[in-house]
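# Report on the structure
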Amino acid sequence: MKDQFVIACLADLSLKEAVITHSAHLARMLNKGLILLYVEDKKYGNPSVAQVEKEILNIEATLPEVKPAHVLMKGNFKEVVNALPTLLNGVVAVAGVNPKAPAGSLTHPRTLLRLFNQCKIAYLTVQAPLHSSHDYDRVAFGIDFRKESKDKLIWASYFARFNHSQLNMLHFHYTDEGLRNKWNNNILFMNKLFKSLGVTYTDHTVSGRALFPETIICDSAAALQCGLLISVTTDTRDLDVVEWVAGVQEHRTIRNSAQMPVLYINPRNDIYVLCD
């Protein structure tokens, strides 16, 4: 019996292949268990547990090497997500996203982000199936002047250590001395941590100024043919006027046109990480 689990959130079975392929690879990569989770939530009108049980069992049977368990529940989807670390010993969740889904459905980008905005574990949003383990060979993350940037580093190290991924650190060139000093401090912290773990990375300077800089990081990562982006969500306590009106960066990166998976980490002090 595993101590921690990858949680495959099968909110919409039309995206089951995407969710399962990424979840199974993460479980193998991290040497963790896999739980197939389905929550019947009346608010979203998704099929009943009785309607999906046979299909979930069929999915379970196709993964003998991973030996997943399944959990079928009725209740509030968001409450279940918030309880994943303690309820199911979850360490990372995988959820399918469909940019063309009807507004308010479980796989709609904004709905999905709202449901996971208090989640205490990292969550991977996927639009398309994983074709091979090599899809994660190149992993990208941005480091800027914000202290929250450092929250990406532990997960970046997991991909380097357990998947032998090449890490690609993307950053802007800061002309403002104050911002440059803060960025330098984050880089010093990263270098110290990665050195202690035997992790290396390649750095890339990206150009351009945008209202949402993480979208430039995302586009640049896709241009570098990275297979996954690690990102920190916007702290809802620090939203400015523009973000209230136009939305936050993750509303754009989650639906990126390259269909690149994005691993999101909420900026919290009580985020759960791997036991390794």
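For the structure, see preceding data.
Let us look at the structure shown here. (Residues numbered from 1 in each chain as written. Predicted model: local features only at pLDDT ≥ 70, side-chain atom pairs only at ≥ 80, totals over all residues. Heavy atoms only, no water.)

A few words now on the overall build of the chain. When helices and strands are tallied, the chain shows 10 helices and 10 strands. With the C-alpha coordinates of the chain rotated into their principal frame, the extents come out at 60 × 45 × 30 Å. Contacts in the chain between residues at least 24 apart in sequence constitute 79% of all its contacts with a sequence separation of at least 6. Here the chain holds 29 positive side-chain charges and 27 negative ones, and the gap between their average locations is 1 Å. (Helix = DSSP H or I, 4+ residues; strand = E, 2+ residues; numbered from the N terminus. Contact = heavy atoms within 4.5 Å. Lys, Arg positive; Asp, Glu negative; His and termini not counted. Charge placed at Lys NZ, Arg CZ, Asp CG, Glu CD.)

To continue, consider the sheet that holds strand β8 (residues 201-205). What the 10 strands build is an open sheet, ordered β3-β2-β1-β4-β5-β10-β9-β6-β7-β8; its pairing is mixed. Edge positions in the open sheet fall to β3 (69-74) and β8, since each of these has one partner strand only. The average undirected angle you get between the axes of adjacent strands in this sheet is 25°. Pairing geometry for strand β7 (residues 166-171) and β8, over five bridges, is parallel. In the sheet register, Met169 faces β8, and the bridge partner there is Asp203. Where helix α8 (residues 213-223) meets the sheet, it contacts β6 (138-142), β7 and β9 (228-232), and its direction lies at approximately 165° from that of β9. (Pairing = 2+ DSSP bridges. Axes fitted to C-alpha atoms, helices over the stretch in contact; angles between N-to-C directions.)

Another point: the pattern of salt bridges. By the definition in use, this model includes six salt bridges. Note that Lys16 and Glu55 form a salt bridge whose closest N and O atoms lie 2.6 Å from each other. A residue pair is termed long-range when its members are at least 10 positions apart, and Lys16 in helix α1 (residues 16-30) and Glu55 in helix α2 (residues 49-61) qualify at 39 residues. What makes Glu55 partly exposed here is its relative accessible area of 28%. We note a salt bridge from Glu214 to Lys152, for which the minimum N-O separation is 3.8 Å. Residue Glu214 is found in helix α8, and its partner Lys152 is found in the loop between β6 and α6 (153-162); the two are separated by 62 residues along the sequence. Summarising the burial analysis for this pair, Glu214 and Lys152 share the class buried. (Salt bridge = Lys/Arg side-chain N within 4 Å of Asp/Glu carboxyl O. Buried < 20%, exposed > 50% of the residue type's maximum accessible area, 1.4 Å probe, protein only.)

With that out of the way, let us pick up the environment of Glu65. Following the sequence through the fold, Glu65 ends up in the loop between α2 and β3. Taking the C-alpha atoms as reference, Glu65 lies 9.3 Å from Ala24; in sequence the two are 41 residues apart. A distance of 2.9 Å separates polar atoms of two side chains, one belonging to Glu65 and the other to Arg28. (Polar contact = N/O pair within 3.5 Å; in protein donor to acceptor, adjacent residues only side chain to side chain.)

Of the positions making up α8, those classed as buried are Glu214, Thr215, Ile216, Ile217, Cys218, Ser220 and Ala221. Summarising the contacts, the buried residues of α8 are in contact with β6, β7, β9 and α10 (250-253).

So, on to the state of the cysteines. Tallied over the full model, the rule gives zero disulfides. Here Cys218 is not cross-linked by a disulfide; its sulfur's nearest cysteine counterpart is in Cys226, at 10 Å. For Cys226, a relative accessible area of 8% translates into the label buried. (Disulfide = S-S within 2.5 Å.)

Note: α-helices contain 3.6 residues per turn, so residues at a spacing of three or four share the same orientation. With seven of 10 residues buried, α6 lies mostly within the body of the structure. Of the positions making up α6, those classed as buried are Leu153, Trp155, Ala156, Ser157, Tyr158, Phe159 and Ala160. With its phi angle positive at about 55°, His164 sits one or two positions after the end of α6.

Below, the discussion takes up the nonpolar core. In this structure, Phe116, Phe141, Trp155, Phe159 and Ile230 are the most contacted members of the largest nonpolar core, which totals 90 residues. When residues in this core are grouped by element, the largest group, eight residues, is from α1. (Core = buried A, V, L, I, M, F, W, Y, C linked by side-chain atoms within 4.5 Å.)

Time to look at the packing of α6 against helix α7 (residues 177-197). Look at α6 against α7: their axes get within 11 Å of each other, and the N-to-C directions meet at 35°. Note that α6 runs across α7; the crossing there is right-handed. In this structure, α6 uses Leu153, Ile154, Ala156, Ser157 and Arg161 to contact α7, whose residues at the interface are Phe189, Met190, Leu193, Phe194 and Leu197. The class makeup of the residues in the contact of α6 with α7 is eight nonpolar, one polar and one charged. (Left-handed = near helix turned anticlockwise from the far one by under 90°. Nonpolar A, V, L, I, M, F, W, Y, C, P; charged D, E, K, R; others polar.)

The subject of this paragraph is unusual backbone geometry. Look at Asn31: it is not a glycine, yet its phi comes out positive at around 60°. Mapped onto the elements, Asn31 comes out in the loop between α1 and β2 (33-40). Judged by relative accessible area, which is 52%, Asn31 ranks as exposed. Even without being a glycine, Gln259 presents a positive backbone phi close to 55°. Mapped onto the elements of the fold, Gln259 is located in the loop between α10 and β10 (262-265).

Take it as geometry only, folks, not as evidence of what the structure does.
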